Amino acid sequence: MNAVTSTRFHPLRVLRVDRETADAIAVTLQPPLHAAELFRFTPGQYLTLRRVEDGEELRRSYSICAALDEGALRVGIKRVAGGRFSSWAVDHLKPGDVIEAMPPEGRFGMMPDPAAPPRTILGIACGSGITPVLSIAASVLAGEPNTRVVLLYGNRSGADIMFRTALEELKDRYLDRFAVVHVLSREKHELDSLHGRLDAARIQALLPGLVPPGAIAKAFLCGPTGLAEAATEALTALGLPHEHIHAEHFTPAPGSTPRQAPVVAPDAKPAAEADITIDGVTRRVPLAEGETVLEAGLRAGLDLPWSCRGGMCCTCRAKVTEGTVAMDTNYSLQPWELEAGFVLTCQSRPKTGHLVVDYDAA
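For clarity, every value in this text was computed on a predicted model and none was experimentally measured.

So, how was this worked out
Residues numbered from 1 in each chain as written. Predicted model: local features only at pLDDT ≥ 70, side-chain atom pairs only at ≥ 80, totals over all residues. Heavy atoms only, no water. Pairing = 2+ DSSP bridges. Helix = DSSP H or I, 4+ residues; strand = E, 2+ residues; numbered from the N terminus. Axes fitted to C-alpha atoms, helices over the stretch in contact; angles between N-to-C directions. Contact = heavy atoms within 4.5 Å. Phe/Tyr/Trp six-rings, centres within 6.5 Å; stacked < 30°, edge-to-face > 60°. Buried < 20%, exposed > 50% of the residue type's maximum accessible area, 1.4 Å probe, protein only. Salt bridge = Lys/Arg side-chain N within 4 Å of Asp/Glu carboxyl O. 1 Å grid on protein atoms, 1.4 Å probe; cavity = no way out; pocket = protein on both sides within 12 Å on 5 of 7 lines; lining within 4 Å. Points joined across faces, edges and corners; volume = space filled by probe spheres on them. Nonpolar A, V, L, I, M, F, W, Y, C, P; charged D, E, K, R; others polar. Domains from an automatic or database assignment.

A few words on the sheet that holds strand β9 (residues 178-184). Pairing is parallel across the open sheet formed by five strands, whose spatial order is β9-β8-β7-β10-β11. Of all strands in the sheet, those with a lone pairing partner are β9 and β11 (245-249), marking the two edges. Between one strand axis and the next, the sheet turns through 10° on average, direction left out of account. Along the sheet, helix α3 (residues 164-173) contacts β8 (147-155) and β9; its crossing angle with β9, the most-contacted strand, is approximately 145°. Of the strands in this sheet, β7 (119-126), β10 (216-223) and β11 are in contact with helix α5 (residues 227-237), which crosses β10 at around 155°.

As structure tokens, then:
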């Protein structure tokens, strides 16, 4: 794929860059007028941003942190060790710059329902995992007058808390309906329960004092590898049904980081073939030994959607309607999607000689 000619991206102008911590920023973006409708979002969704550096295309997904009632499009970006995109953004992005983005994606989140009965929404986040949870919390508090939001937020220290001011303003605005508890792993607190990692035992200890588990309508979990698993363990132990729990990862597990696509010789014999449908057009693509569906499609020049290549963001989701694949990693597809034949094409290698793959399937 020619990185410069993808039709999936739109130029967004940077309106503001707000420093949240020493290593994190909030970036307010403005889509072009003709694409404004495309960038309407559901709280919890993310944007895939793109830039080309030294001829190499870099794509990264960043969650939207703005509330619906703000009428703004804003993402949070935190520097990742060795992260070329995040480091560039945190150090160099400024108002007036233009950055390319795909329209909002992702199914982690919810739209507020003004007619919803009294209920409680729970958020559990660590680090930059607060970004989508903030959007959900702020939107629900503004859009559902009878809903209470409880947030457990883990960080290393007070200086590492992203969106601290925004959270304090929410607490002041919704005194009776918003509760936030900060748990710090490297900063002592007079209450031992608020010092340490936000693990399953700590969640089980803290939560009953904040909300009866039976009162939780939905729980949204976002953080590094281990947070969602620990929180799910705690919540199910407290009696919350698994279907009420929604999780999103922002970093892959060790060993599952994006890899370089294999080099395929021009005369290499295909190990399989795939009929790939995208934007209503179907094309037959050869897959070399060891190639994923996404890698083969990109090598063939198809403009396929992708972002993290680590099995987390779901941007490359497609449906296999014929043949079978082996999927290396999956952090984002739900059980019903797997049963229906959906796969993450960045992680999927053929197990049969012929595949039919549909990116247009809903």
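The next thing to look at is the packing of aromatic side chains. Taken as a whole, this structure holds four aromatic pairs when the rule is applied. Ring geometry for Tyr62 versus Phe85: centroids 5.8 Å apart, planes at 40°, classification tilted. With Tyr62 in strand β4 (residues 56-63) and Phe85 in helix α1 (residues 84-92), this pair connects stretches of sequence that are 23 residues apart. On the basis of relative accessibility, which here comes to 10%, the residue Tyr62 falls in the buried class. For the ring pair Phe108 and Phe220, a centre distance of 5.5 Å and an interplane angle of 90° mean the geometry is edge-to-face. Of this pair, Phe108 sits in the loop between β6 (98-101) and β7 while Phe220 is found in strand β10, placing the two residues 112 residues apart along the sequence.

Structurally, the α-helix is built with 3.6 residues per turn, so residues lying three or four positions apart point the same way. Along α1, the positions that sit buried rather than exposed are Phe85, Ser86, Ser87, Trp88, Ala89 and Val90. Lining the buried residues of α1 we find β1 (10-21), β2 (24-30), β3 (46-53), β4, β5 (73-78) and β6.

This part covers the pattern of salt bridges. Counted under the stated rule, the structure contains 23 salt bridges. Linking Arg40 and Glu37 is a salt bridge whose minimum nitrogen-to-oxygen distance equals 2.9 Å. What makes Glu37 exposed here is its relative accessible area of 56%. Put simply, Arg84 and Glu53 hold a salt bridge, and the shortest N to O gap is 2.8 Å. Taken as a pair, Arg84 in helix α1 and Glu53 in strand β3 lie far apart in primary sequence, 31 residues in all. Arg84 gets classed as partly exposed once you look at its relative accessible area, which sits at 33%.

Turning next to the layout of surface pockets. The probe, sized like a water molecule, is rolled over the atoms to show the empty space still left. Of the voids in this model, the second largest pocket is the one considered here, and its volume is about 630 Å³. Looking at the second largest pocket, it is lined by 23 residues, and the ones nearest its centre are His246, Ala247, Ser332, Leu333 and Gln334. Elements with a contribution of two residues or more to the lining of the second largest pocket: α5, β11 and α7 (335-339). Broken down by element, the lining of the second largest pocket gets its largest block of residues, five residues, from β11. Its residues placed into classes, the lining of the second largest pocket shows twelve nonpolar, seven polar and four charged. Here the lining of the second largest pocket gathers at least three residues from each of two domains, domain 2 (119-249) and domain 3 (272-358).

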